[in-house]
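This is what each chain is made of:
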Amino acid sequence: MHGHAKGIVETVRGSSLVVLQGEPGSGKTTQVPQFLLDDMIAQGRGGEACIICTQPRRVSAMAVAKRVAHERGETCKARHSLTCASHPPTFKCPRRPCW
């Protein structure tokens, strides 16, 4: 994914919806959110970042959060939330932009 970071960030900036496809382990879940965050930090807008990643199970979500925190040299203070499949797929992010 690192070779595509610039293109991914530019695509996300210019689109309301992006579908990213890649092989398992290619970095879709762990690297791409970091590309987006790093781009916002470089623009002086890191505090506005609201990046949401979903995982099918709580254990997976916590493992991803811990891995990304470790890669960034940070402590994981992630909390989990569960969403019922019958709820509408909407989310009001407290900050903008929300990727």
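Residues numbered from 1 in each chain as written. Predicted model: local features only at pLDDT ≥ 70, side-chain atom pairs only at ≥ 80, totals over all residues. Heavy atoms only, no water.

Draft legend 1. Molecular detail of the overall build of the protein. A tally of regular secondary structure across the protein gives three helices and zero strands. Helices (α) and strands (β) of the protein occur, in sequence order from the N terminus, as α-α-α. By residue count, 22% of the 99 residues in the protein fall in the buried class. Excluding contacts between residues fewer than 6 apart, the proportion of contacts in the protein whose partners are at least 24 apart in sequence is 66%. (Helix = DSSP H or I, 4+ residues; strand = E, 2+ residues; numbered from the N terminus. Buried < 20%, exposed > 50% of the residue type's maximum accessible area, 1.4 Å probe, protein only. Contact = heavy atoms within 4.5 Å.)

Draft legend 2. Inspection of the pattern of salt bridges at higher detail. Within the structure shown, the criterion is met by five salt bridges. Across the salt bridge formed by Asp-39 and Arg-13, the nearest N and O atoms sit 2.5 Å from each other. In this pair, Asp-39 is assigned in helix α2 (residues 32-42) and Arg-13 in helix α1 (residues 5-13), connecting sequence segments 26 residues apart. Glu-71 is the partner of Arg-67 in a salt bridge, and the nearest nitrogen-oxygen pair spans 2.9 Å. You can see Arg-67 and its partner Glu-71 sitting in helix α3 (residues 58-71), four residues apart, about one turn around the helix. On the basis of relative accessible area, Glu-71 is assigned to the partly exposed category, the value being 38%. A single salt-bridge network, built from bridges that share partners, covers Asp-38, Arg-72 and Glu-74. (Salt bridge = Lys/Arg side-chain N within 4 Å of Asp/Glu carboxyl O.)

Draft legend 3. Broad picture of the nonpolar core. Membership of the largest hydrophobic core is limited to seven residues, which are Ala-5, Ile-8, Val-9, Val-12, Val-32, Phe-35 and Leu-36. Looking at this core, the elements that each hand over two or more residues are α1 and α2. Looking at this core element by element, the count peaks at four residues for α1. (Core = buried A, V, L, I, M, F, W, Y, C linked by side-chain atoms within 4.5 Å.)

Draft legend 4. Molecular detail of α3. Compared with an ideal rise of 1.5 Å per residue, which puts 14 residues at 20 Å, α3 spans 20 Å between its outermost C-alpha atoms and is within 8% of the ideal. On its buried face, α3 is in contact with α2. (Expected span 1.5 Å × (residues − 1).)

Draft legend 5. Spotlight on the packing of α1 against α2. Between α1 and α2, the least distance of the axes is 10 Å, while the angle of their chain directions is 70°. Taken together, the axes of α1 and α2 are roughly perpendicular relative to one another. Residues Ala-5, Ile-8, Val-9, Val-12 and Arg-13 of α1 form the contact with α2, whose own contacting residues are Val-32, Phe-35, Leu-36 and Asp-39. (Axes fitted to C-alpha atoms, helices over the stretch in contact; angles between N-to-C directions. Parallel < 35°, antiparallel > 145°, perpendicular 65-115°, else oblique.)

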